[in-house]
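Descriptive structure summary
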Amino acid sequence: MRITITEYQLPASGALVVGVLKGGKMPATARQLDKDSKGAIRRATKGSRFEGGKGQWLEILAPAGIKADRVVLGGLGEAKEIDPTSLENFGGSVVQRLAGSGLKTIAIAYDDVRGAKVEAAEGAARLAFGARLGSYRFDKYRTKDKAKDRPSVTTLSVTVSGATAARRAYKPLAAIADGVYMTRDLVSEPANVIFPESMARECRGLSKLGVKVEVLNEARMAKLGMHALLGVGQGSRRESRLVVMRWQGAGARSKPVAFVGKGVTFDTGGISLKPGPGMEMMKWDMGGSGTVVGLMKALAGRKAKVNAVGVVGLVENMPDGQAQRPGDIVTSMSGQTIEILNTDAEGRLVLADALWYTQNRFKPQFMVDLATLTGAMIIALGHENAGMFANDDELAERLHAAGKQIGEGVWRMPLADAYDKKLDCPIADMKNIGGRDAGSITAAQFLQRFVNEVPWAHLDIAGVAWGDKGKPTVPKGGTGWGVRMLDRLVANHYEG
Ligand code: BES
Ligand code: MN
Ligand code: ZN
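Described below are features of the structure shown in this document.

What counts, and where the lines are drawn
- Residues numbered from 1 in each chain as written.
- Chains lettered and ligands numbered in written order.
- Predicted model: local features only at pLDDT ≥ 70, side-chain atom pairs only at ≥ 80, totals over all residues.
- Heavy atoms only, no water.
- Near = heavy atom within 4 Å.
- Polar contact = N/O pair within 3.5 Å; in protein donor to acceptor, adjacent residues only side chain to side chain.
- Areas by Shrake-Rupley, 256 points an atom, 1.4 Å probe, with all protein chains shown as cover.
- Axes fitted to C-alpha atoms, helices over the stretch in contact; angles between N-to-C directions.
- Helix = DSSP H or I, 4+ residues; strand = E, 2+ residues; numbered from the N terminus.
- Left-handed = near helix turned anticlockwise from the far one by under 90°.
- Contact = heavy atoms within 4.5 Å.
- Nonpolar A, V, L, I, M, F, W, Y, C, P; charged D, E, K, R; others polar.
- Donors = N, O, S within 2.8 Å, 3.2 Å for Na, K, Ca; no water.
- Tetrahedral: all angles 85-135°; square planar, octahedral: opposite > 155°, others 65-115°.
- Buried < 20%, exposed > 50% of the residue type's maximum accessible area, 1.4 Å probe, protein only.
- Pairing = 2+ DSSP bridges.

Let us look at the site of ligand 1. Near ligand 1 there are 17 residues, and of these Lys274, Asp285, Asp344, Glu346 and Gly375 occur at the shortest range. Measuring from an oxygen atom of ligand 1, one finds a side-chain N or O atom of Asp344 at 2.8 Å. The backbone of Gly375 places a nitrogen or oxygen atom 2.7 Å from an oxygen atom of ligand 1. Calculation on ligand 1 without its partners gives an accessible area of 520 Å², and the protein chains cover 79% of this total.

Encoded structure:
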């Protein structure tokens with residue numbers, strides 16, 4: 001679906017979407033249409049439960065006196081409820097309601113509303129952004145029944161007076177949407193398509209945007225001593241990779257911010273094999289690294305004035321004659337030894353080396369890692385919030401605020417020595433599991449053993465990387481969670 005912003009005008013065909021305020025108050029376009037149709041708009045609202053409340057919709061087919069084939073009234077709520085997020089949701093809902101309507105075009109006529117919490121140009125840009133995010137589909141492997149439920153709409157235009165300013169406001173948002181799309185694609189692809197090497201190839205593609213991309217193969221990683229990461233990939237026919245992406249949007253002396261992702265392209269559990277039902281979900285066990293890649297794309301795409309490093313550890317966790325066994329002891333890049341008591345607790349092993357490498361090579365201002373790390377995280381927080389663990393209150397607060405701003409929640413969880421002790425091990429420096437209790441916390445404690453003085457936060461995104469229920473700007477499937485909130489974090493505090 002092509003999404004454009006054009007100068008205000010009423011369309012000659014297709015769907016015309018207009019906003020209506022709570023209580024039936026009509027902004028200029030709705031008033032105009034009511035006049036053109038000799039009162040049909042008001043009559044339609046009177047004859048229904050539509051009151052202009054947020055999330056209410058009313059469709060009027062073929063209204064006399066109006067050129068458009070369909071007028072769709074969308075509730076905006078009260079003027080003071082109109083803000084960037086409500087408009088994004090409005091745009092996304094429009095797409096989801098009308099994509100398969102049989103119509104070819106949608107025009108959203110946007111009026112500047114007095115008392116709204118967003119000015120016209122930004123408002124129109126947010127509508128377009130929401131529409132773009134909400135129109136994502138992953139259907140490339142459906143070759144047969146596409147015709148019947150393929151979207152009929154090919155173009156959505158937001159029309160607003162002052163389109164030039166709105167288009168300027170949309171430009172960085174379009175870059176962010178491109179990043180979110182890339183993450184969703186990577187997460188949705190099956191593991192026979194996205195595996196360490198192919199994912200590294202996707203990362204290389206970011207060089208078109210000016211991102212410097214280095215790919216470390218197994219021999220390089222072995223030289224660096226990354227045996228925690230390498231041990232996980234040892235049972236796979238696919239070679240492991242570590243990819244380093246660098247965006248230099250600020251002066252050479254500005255310290256980078258760093259993002260590190262778990263990229264287990266498929267997690268069978270290894271020799272500690274997972275049960276069969278639901279195992280297909282483990283194709284998205286690279287969700288953390290998917291977010292890091294999409295974020296790098298967003299930052300480079302909008303030319304963020306920041307130096308940012310993205311590091312992703314890419315492995316496939318398979319059972320095999322070569323696979324790592326429960327009881328094996330590996331030496332991580334940090335020199336610390338780990339007894340592998342469960343080969344299914346593999347994400348932390350990948351991150352141990354990726355975090356150590358990132359902090360030592362780049363000396364970043366902060367390090368945020370993302371990982372679909374523990375099933376226990378879903379038990380604790382469900383699908384509404386990601387778990388956040390941090391050694392730094394300021395970073396934690398900034399992440400929380402950025403998430404709140406754009407609608408991706410994080411909830412802080414504790415770190416403490418008492419939890420850390422559960423990882424102590426009589427025959428190595430640590431074991432890779434801490435027992436059933438507090439499973440997400442002991443996993444985070446494990447990671448912290450590979451983090452030195454740098455401000456660090458770990459986001460356990462097991463519950464939010466994939467959605468079985470769609471939302472206006474997040475269709476079901478791979479969510480792209482984290483791209484927007486981390487982009488926001490950077491924009492709020494680390495640019496310029
Ligand atoms: N990738 C899984 C965690 C996961 C589970 C993510 C379900 C998303 C949905 C992770 O590698 C894992 O297997 N964790 C184990 C840890 C345990 C062995 C200590 C778990 O959560 O059961
Ligand atoms: Mn696992
Ligand atoms: Zn995993």
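What follows concerns the packing of helix 13 (residues 393-406) against helix 16 (residues 483-493). Two elements in contact, helix 13 and helix 16, have axes separated by 8 Å at closest approach and are oriented at 115°. Handedness of the crossing formed by helix 13 with helix 16: right-handed. Contacts between helix 13 and helix 16 involve Arg398, Leu399, Ala402, Gly403, Gln405 and Ile406 from the former and Arg484, Met485, Leu486, Arg488, Leu489, Asn492 and His493 from the latter. A per-class count over the contact of helix 13 with helix 16 returns 6 nonpolar, 4 polar and 3 charged.

On to the coordination of the zinc ion (ligand 3), then. The zinc ion (ligand 3) binds to the protein through Lys262 (NZ), Asp267 (OD), Asp285 (OD) and Glu346 (OE), with metal-donor distances spanning 2.0 to 2.4 Å. Here the zinc ion (ligand 3) binds 6 donor atoms, and the angle range of 78 to 174° at the metal identifies the geometry as octahedral. In terms of primary sequence, the donors binding the zinc ion (ligand 3) are separated according to K-x4-D-x17-D-x60-E. Between the zinc ion (ligand 3) and the manganese ion (ligand 2), both coordinated by Asp267, there is a metal-metal distance of 3.2 Å.

What follows deals with the side chain of Ser240. Considering the arrangement of structural elements, one finds Ser240 in the loop between helix 9 (227-233) and strand 8 (241-248). For Ser240, a relative accessible area of 0% corresponds to the buried category.

Taken in spatial order, the 6 strands line up as 1-6-5-2-4-3 in an open sheet, and their pairing is mixed. Every other strand in the sheet has two partners, leaving strand 1 (2-7) and strand 3 (57-61) as the edge strands with one partner each. Across the sheet, the axes of successive neighbouring strands diverge by a mean angle of 25°, strand direction being ignored. Across 6 bridges, the pairing between strand 1 and strand 6 (residues 155-160) is parallel. Paired with Thr6 across the bridge in strand 6 is Thr159. Here helix 6 (residues 163-188) sits on the sheet in contact with strand 1 and strand 6, set at roughly 145° to strand 1.

On to the coordination of the manganese ion (ligand 2), then. Those protein atoms acting as donors to the manganese ion (ligand 2) are Asp267 (OD), Asp344 (O), Asp344 (OD) and Glu346 (OE), and they sit at 2.1 to 2.2 Å. For the manganese ion (ligand 2), the donor residues sit on a single chain with the sequence spacing D-x76-D-x1-E.

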